[in-house]
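Structural overview
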Amino acid sequence: PKMVYVYDHQGAPSGLGEDAVFGVLQQAASAWDQCGGQNTVVLKRDFFEAKGALKIAVVWNDDDKLGTIGLANITKKTLTLSPEAFQNLKKANVGRQLMETLQMVVSHEVGHFQGLTAHSRRCVDVLSYYTNDAGEQCSIRDNGILPKHFEYRSMLPTACDIQRCRM
């Protein structure tokens, strides 16, 4: 299907410019096009109408994120990013760079809009969950244990993510 991600920069944490976040959204949308759909990203001020396309609002808001860094709400057609979480990441300066983390989160949430509601058990997949409510963990090669403070997840969909999406 055609999907239009309409980005509203209002509420974004300081240090994350509109052009940079817009670029991250474009990379994620473009990468998921391999799944067979057609994704477009527009700025809210440039959006008029999505003829024949599903409109998804991309917003910064800590009220709707349900304790997560990002959330794809399929029912409300919103992709919500947490300004507080990204501000805290910026202050802590831990792990990956801020923009890499943003890319990973956005790519993961866009994947849910592509139809992948279930998470992957492979840690490297952008749709991995690491741990779920049942306490299950994702798997790394040779049933190894994922090192603490080490980011293993891809920033964009892997071939396995795309294959799952196509199925």
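It should be noted that the structure appears before, not after, this text.
Conventions we followed
Residues numbered from 1 in each chain as written. Predicted model: local features only at pLDDT ≥ 70, side-chain atom pairs only at ≥ 80, totals over all residues. Heavy atoms only, no water. Core = buried A, V, L, I, M, F, W, Y, C linked by side-chain atoms within 4.5 Å. Buried < 20%, exposed > 50% of the residue type's maximum accessible area, 1.4 Å probe, protein only. Helix = DSSP H or I, 4+ residues; strand = E, 2+ residues; numbered from the N terminus. Contact = heavy atoms within 4.5 Å. Salt bridge = Lys/Arg side-chain N within 4 Å of Asp/Glu carboxyl O.

The subject of this paragraph is the nonpolar core. Residues Y5, W32, W60, L81, L102 and V106 are the most contacted members of the largest nonpolar core, which totals 32 residues. With seven residues, the top contributor of residues to this core is helix α1 (residues 18-32). Those residues within four positions of V106 in sequence are excluded, and the remaining contacts are V24, L25, A28, L79 and L81.

What follows deals with the pattern of salt bridges. Tallied over the full model, the rule gives three salt bridges. Between E18 and R45 there is a salt bridge whose closest N-O contact spans 2.9 Å. Pair noted here: E18 is in helix α1 and R45 is in the loop between β2 (38-43) and β3 (54-60), with a separation of 27 residues, a long-range link. Classification of R45 by relative accessible area gives exposed; the value is 56%. Where D125 meets R122, a salt bridge forms, and the shortest distance between an N and an O atom there is 2.8 Å. The exposure class of D125 is buried, given its relative accessible area of 1%.

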